[in-house]
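# Structure assessment
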Amino acid sequence: QRLKAAVHYTVGCLCQEVEEDKDVQFSKQSIAAISEITFRQCEIFAKDLEMFARHAKRSTVTTEDVKLLARRSNSLLKYITQKSEELASSNMEQKEKKKKKTSAAKGERTPGEQEAAVTENEDSNMA
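Just so you know, these numbers come straight off a predicted model, no measurement behind them.

With that settled, the discussion passes to a positive patch on the surface. Together, K95, K97, K98, K99, K100 and K101 give the surface a local cluster of positive charge. Looking at where K100 falls in the secondary structure, it is placed in helix 4 (residues 74–105). A relative accessible area of 51% means that K100 is categorised as exposed.

For the rest of this paragraph, the subject is the side chain of K67. Considering the arrangement of structural elements, one finds K67 in helix 3 (residues 63–69). Since its relative accessible area comes to 16%, K67 is described here as buried. Those residues in contact with K67 that lie beyond four places of it in its chain are L77, I80, T81 and S84.

Turning to the side chain of S84, a few remarks are in order. On the secondary structure map, S84 appears in helix 4. Assessed through its relative accessible area of 15%, S84 is described here as buried. Those residues within four positions of S84 in sequence are excluded, and the remaining contacts are T63 and K67.

With respect to the secondary-structure elements, M51 resides in helix 2 (residues 28–55). Separated by ten residues in sequence, M51 and V61 place their C-alpha atoms 9.1 Å apart.

The next point concerns helix 1 (residues 2–22). Side chains three or four residues apart in an α-helix point the same way, a direct result of the helix having 3.6 residues per turn. Taking 1.5 Å as the rise per residue, helix 1 with 21 residues should run 30 Å; its terminal C-alpha atoms sit 30 Å apart, in good agreement. Once helix 1 ends, the next one or two residues include D23, with phi positive near 55 degrees.

Let us now look at the nonpolar core. By size, the foremost hydrophobic cluster in this structure holds five residues: V7, V11, C15, I31 and F39. Of all elements in the fold, only helix 1 and helix 2 reach the threshold of two or more residues within this core. By residue number, the principal contributor to this core is helix 1, which donates three residues. Setting aside anything within four residues of it in sequence, one finds C15 in contact with F26, I31 and I34.

Below, the discussion takes up the packing of helix 1 against helix 2. Where helix 1 meets helix 2, the axes come as close as 9 Å, and the angle between the chain directions of the two elements is 125 degrees. Compared by their axis directions, helix 1 and helix 2 come out oblique. Pair helix 1 / helix 2 crosses with right-handed handedness. Between helix 1 and helix 2, the residues in contact are L3, K4, V7, H8, V11, G12 and C15 and I31, A32, I34, S35, E36, T38 and F39, respectively. Of the residues that constitute the contact of helix 1 with helix 2, the class distribution is eight nonpolar, four polar and two charged.

Per-residue pLDDT for the protein chain averages 87, and the proportion of residues at 70 or more is 83%. Counting contacts from residues 121–127, a segment whose pLDDT is below 50, to residues more than four positions away or on other chains yields zero contacts.

Rules of the game
- Residues numbered from 1 in each chain as written.
- Predicted model: local features only at pLDDT ≥ 70, side-chain atom pairs only at ≥ 80, totals over all residues.
- Heavy atoms only, no water.
- Patch = residues over 30% accessible without salt bridge, like charges linked within 9 Å, V, L, I, M, F, W, Y side chains within 5 Å.
- Areas by Shrake-Rupley, 256 points an atom, 1.4 Å probe, with all protein chains shown as cover.
- Salt bridge = Lys/Arg side-chain N within 4 Å of Asp/Glu carboxyl O.
- Lys, Arg positive; Asp, Glu negative; His and termini not counted.
- Charge placed at Lys NZ, Arg CZ, Asp CG, Glu CD.
- Helix = DSSP H or I, 4+ residues; strand = E, 2+ residues; numbered from the N terminus.
- Buried < 20%, exposed > 50% of the residue type's maximum accessible area, 1.4 Å probe, protein only.
- Contact = heavy atoms within 4.5 Å.
- Expected span 1.5 Å × (residues − 1).
- Core = buried A, V, L, I, M, F, W, Y, C linked by side-chain atoms within 4.5 Å.
- Axes fitted to C-alpha atoms, helices over the stretch in contact; angles between N-to-C directions.
- Parallel < 35°, antiparallel > 145°, perpendicular 65-115°, else oblique.
- Left-handed = near helix turned anticlockwise from the far one by under 90°.
- Nonpolar A, V, L, I, M, F, W, Y, C, P; charged D, E, K, R; others polar.
- pLDDT = per-residue confidence, 0-100.

Here it is as structure tokens:
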């Protein structure tokens, strides 16, 4: 019930924004109908995502499942793919930072630092 109320509230807020931008009015009944349709569609999406994961013999829904769900809307699929790639690169950067911090705390050198040290040693040996 709380989730349904949250969807209704959000749809109401979005309708207010559209009213201001487009100079149109939404009746309470139309807002309620949009909210109900949105909630039902979200339930369908959730079931589909669960089935996609189960079909792949997984218990976790992945971004690939979401992309499969959005496949009929090119613009939505493009947006989801873009956001997915941004999140993946952000996660990789965070992992690299953690590795650097833990190796620095242990007194280890990062691969770049090791390479610089080897080059320094080779330079000093040549002199």
